[in-house]
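# Fold and contact review
Residues per chain, in single letters:
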Amino acid sequence: MTVTGQEIADYVGRVRAALADLPPAVRDELTEDLPEHLAEVAAEGDGSLVQRLGEPEAYAAELRSAAGAAEPAAGRRRLEQRVGAVAHRVRGRLARFDTRLGPLLGYASASEFLRLLRPAWWVLRGYLVAMLLSVMSSDGPIGLLPRVGSNEFVGLVLLGGAVLASVWLGRNTGTLRRWPRRLMHAGTLVLVVFGLATLLDVDQDARSHYPYGYDSISVQNPYEQVQDVFVYDSEGRLVENARLFDQTGTPIRLGWPSCADPSLPDVNPVQRGYPYCPEQAPFRPRPPAAVPAPPGTAPTTVAPAPPGAAPTETAPATPAPAPTPAVPTPGGSASASVGAVPTSVPPVPEPTR
């Protein structure tokens, strides 16, 4: 039976747990060369470490006595034994789950497959460190590459340095003491939480821009700046109190009265016709066309109507009747012309006999 590296690590962990009452410096000194010693024992023959060296707690007692360290109190010893027993059962269940999950991945155990992924995790950890520092140094949105402020080049340099430092730390994790190792595990937890939060944020941003990823563009309404509407007829005259409707009979309402004329009725602008402010018409009313006068009459001048006033109709000029020539009568007198006012003529008395 071949002893795996995980079994060696578990054995060392149980030994260190049994020596937890000792000062950290003493405990580290006692277990400093223990992994190498266990690997040599495992290579010498078959059988598990427990079968060849006994229980880790018994091995820890031997180390304690060899170092001359005092045994813990009876109550404390029983508590540590209970804690160690519970931890041992938990590790046993995890080990059985590890061996059952391994064949599904094509390996003897899942931990063996995960050990092959350590270099990838080291690179990913460096990337997450660079992204976290980028977010802390800038207020902009999160991208795929780290930036220091708005400088992408400095962000790439930071990314390279973080990846190299993470790889070095991964290769030298076994040499770290207790507290540095705990700090590293706490930092790993922070990076995992940050990575998941960033992934959810990027996914939500991608869904909000589905399917093309373009931001919506607001097109300006050409009628949103209209304040008044002025209607003119075909003769260029301003039409007041006009109403506008669409093809379905719905009123079209544009603008809002901006004039401050106190003479305007205080009514709802929706009930008021166009224009709201006639005095602000952009085009002046066109004067009516002049009617040519007949010969012999004086031309009349028609004054243009003021803006907003109703047009007045003018009666056409009546031409004067033309004079007719006089017609001679038998008495030698000329008859009156047609159209002339008749005058009374006294009768001529007859001669007396």
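Remember, predicted model here, so these are calculated numbers, not experimental data. Position numbers for residues count from 1 along each chain, tracking the sequence in the order it is written. For a predicted model such as this one, the threshold for reporting local features is a pLDDT of at least 70, and the threshold for listing and counting side-chain atom pairs is 80 or more; totals across whole chains, interfaces and linings nevertheless cover every residue. Each side-chain value is worked out from all heavy atoms of the structure, with water and hydrogens disregarded.

Take the confidence of the model for the protein next. Looking at any residue, its pLDDT shows the predictor's confidence there, from 0 to 100. With 68% of its residues at a pLDDT of 70 or more, the protein shows a mean pLDDT of 74. Here residues 326–344 scores under 50 on pLDDT; set against residues more than four positions off or in separate chains, the count is 11 contacts. In what follows, a contact means two residues having at least one pair of non-hydrogen atoms within 4.5 Å.

Attention now moves to a nonpolar patch on the surface. A contiguous nonpolar patch, built from Phe97, Leu101, Leu104, Leu105, Tyr107 and Leu116 and spanning about 590 Å² of accessible area, is present on the exposed surface. Looking at the nonpolar patch element by element, the count peaks at four residues for helix α6 (residues 74–105). Strands are runs of DSSP state E lasting at least two residues, helices are runs of H or I lasting at least four, and both sets are numbered from the N terminus onward. Examined against the element boundaries, phenylalanine 97 turns out to sit in helix α6. Surface patches are defined over residues having more than 30% relative accessible area and no salt bridge, joining like charges when they lie within 9 Å and nonpolar side chains (Val, Leu, Ile, Met, Phe, Trp, Tyr) when within 5 Å. With residues, only the protein chains shown are counted as cover, and all accessible areas are computed by Shrake-Rupley using a 1.4 Å probe. A pairing counts as a salt bridge when a side-chain nitrogen of Lys or Arg comes within 4 Å of a carboxyl oxygen of Asp or Glu.

Turning our eyes to something else, we now look at the packing of aromatic side chains. Pairing of aromatic side chains here covers Phe, Tyr and the six-membered ring of Trp, requires ring centres within 6.5 Å, and sorts the geometry by plane angle: under 30 degrees stacked, over 60 edge-to-face, intermediate tilted. Scanning the model with the defined rule gives four aromatic pairs in all. Residues tyrosine 274 and tyrosine 276 carry aromatic rings whose centres are separated by 5.2 Å and whose planes lie at 45° to one another, so their mutual orientation is tilted. Judged on exposure class, the residue tyrosine 274 and its partner tyrosine 276 are both buried. The ring of tryptophan 179 has arginine 182 lying over it, and the distance from NZ or CZ to the ring centre is 5.0 Å. Note on classification: 1.4 Å probe, protein chains only; a residue is buried when its accessible area is under 20% of the maximum for its type, exposed when over 50%, partly exposed between these limits. Should the NZ of a Lys or the CZ of an Arg lie within 6 Å of a ring centre and within 35 degrees of the ring normal, that charge is described as sitting over the ring.

We count Lys and Arg on the positive side and Asp and Glu on the negative side, and we leave His and both chain ends out. Working definition for charges: the position is that of NZ of Lys, CZ of Arg, CG of Asp or CD of Glu. On the surface, Arg89, Arg93, Arg96 and Arg100 cluster together into a positively charged patch. Checked against the element boundaries, arginine 89 lands in helix α6. Taking relative accessible area as the criterion, arginine 89 reaches 48% and is therefore assigned partly exposed.

Side chains that differ in sign of charge can pair as their charged atoms come close. According to the stated counting rule, one finds five salt bridges in the structure shown. The residue arginine 14 makes a salt bridge to glutamate 55 at a minimum N-O spacing of 3.0 Å. Highlighted residues: arginine 14 in helix α1 (residues 5–18) and glutamate 55 in the loop between α4 (49–53) and α5 (56–67), separated in sequence by 41 residues. A salt bridge links arginine 14 to glutamate 57, with the shortest nitrogen-to-oxygen separation between them at 3.0 Å. Here glutamate 57 lies in helix α5 and arginine 14 lies in helix α1, a separation of 43 residues in the sequence. For arginine 14, a relative accessible area of 8% translates into the label buried. Salt bridges sharing common partners tie together Arg14, Glu55 and Glu57.

Looking now at the side chain of aspartate 98. Tracing the chain through its elements places aspartate 98 in helix α6. No salt bridge is formed by the buried aspartate 98; the nearest opposite charge belongs to arginine 115, separated by 6.3 Å. Ignoring anything within four residues of it in the chain, the contact list for aspartate 98 reads Ser109, Ala110 and Ser111.

Here the focus is the nonpolar core. In globular proteins that are soluble, nonpolar side chains generally tend to be buried together. Here the nonpolar core consists of buried residues drawn from Ala, Val, Leu, Ile, Met, Phe, Trp, Tyr and Cys, with membership extended through side-chain atoms lying within 4.5 Å. In this structure, Tyr11, Val15, Leu19, Leu34, Leu38, Leu49 and Tyr59 are the most contacted members of the largest nonpolar core, which totals 14 residues. Those elements that provide at least two residues to this core are α1, α3 (34–44) and α5. It is α1 that provides the largest number of residues to this core, a total of five residues. If near-sequence neighbours (up to four positions away) are discounted, tyrosine 59 is found in contact with Tyr11, Val15, Leu34, His37 and Leu53.

Turning to the UniProt feature "transmembrane region" (unreviewed entry) in the protein, a few remarks are in order. UniProt positions are given in the numbering used here, feature names are shortened, and annotations may be inferred rather than shown by experiment. The positions UniProt marks with the feature "transmembrane region" (unreviewed entry) are residues 120–138, 153–171 and 183–200. The distance separating the terminal C-alpha atoms of residues 120–138 is 27 Å; by composition the span is 95% helix and 0% strand. Taken end to end, residues 153–171 comprises 100% helix and 0% strand; its first and last C-alpha atoms sit 28 Å apart.

A word on helix α9 (residues 152–171). The span one expects for a helix is its residue count, reduced by one, times 1.5 Å. In this model, α9 (20 residues) spans 29 Å end to end at C-alpha, consistent with the 28 Å of a helix rising 1.5 Å per residue. As for α9, its buried residues are in contact with α8 (118–137). Polar contact is defined as a pair of N or O atoms within 3.5 Å, subject to the rule that within protein one atom must be able to donate a hydrogen and the other to accept it, and that residues adjacent in sequence are counted only when both atoms are side-chain atoms. One side-chain oxygen at the N-terminal end of α9 lies 3.0 Å from the backbone nitrogen of phenylalanine 153; it belongs to asparagine 151.

We now examine a negative patch on the surface. A cluster of acidic residues, Glu29, Glu32, Asp33, Glu36 and Glu40, forms a negative patch at the surface. Summarising the element assignment, glutamate 29 is placed in helix α2 (residues 24–30). Taking the relative accessible area as the measure of exposure, glutamate 29 reaches 60% and is therefore exposed.

Angles run from 0 to 180 degrees between N-to-C directions of axes, and those axes are lines fitted to C-alpha atoms, restricted for helices to the stretch in contact. Interhelical geometry of α8 versus α9 gives an angle of 135° and a closest axis separation of 7 Å. The angle between α8 and α9 places the two elements in the oblique class. Of the two elements, α8 crosses α9, and the hand of that crossing is right-handed. Residues Trp122, Val123, Arg125, Gly126, Tyr127, Val129, Ala130 and Leu133 of α8 form the contact with α9, whose own contacting residues are Leu158, Leu159, Ala162, Val163, Ser166, Val167, Leu169, Gly170 and Arg171. Note on terminology: angles under 35 degrees are roughly parallel, angles over 145 are roughly antiparallel, angles of 65 to 115 are roughly perpendicular, and the others are oblique. Crossing handedness: left-handed means the near helix sits turned counterclockwise from the far one by under a right angle, and right-handed means the same turn made clockwise.

A word on the packing of α1 against α3. In the contact formed by α1 and α3, the axes pass within 10 Å of each other and the chain directions differ by 130°. When the axes of α1 and α3 are compared, the pair comes out oblique. Considering how the two elements wind past one another, α1 and α3 form a crossing that is right-handed. Between α1, through Ile8, Tyr11, Val12 and Val15, and α3, the contact on the second element is made entirely by Leu34, Pro35, Leu38 and Ala39. In the scheme used here, Gly and all other residues not listed as nonpolar or charged are polar, with Ala, Val, Leu, Ile, Met, Phe, Trp, Tyr, Cys and Pro taken as nonpolar and Asp, Glu, Lys and Arg as charged. The class makeup of the residues in the contact of α1 with α3 is eight nonpolar, no polar and no charged.

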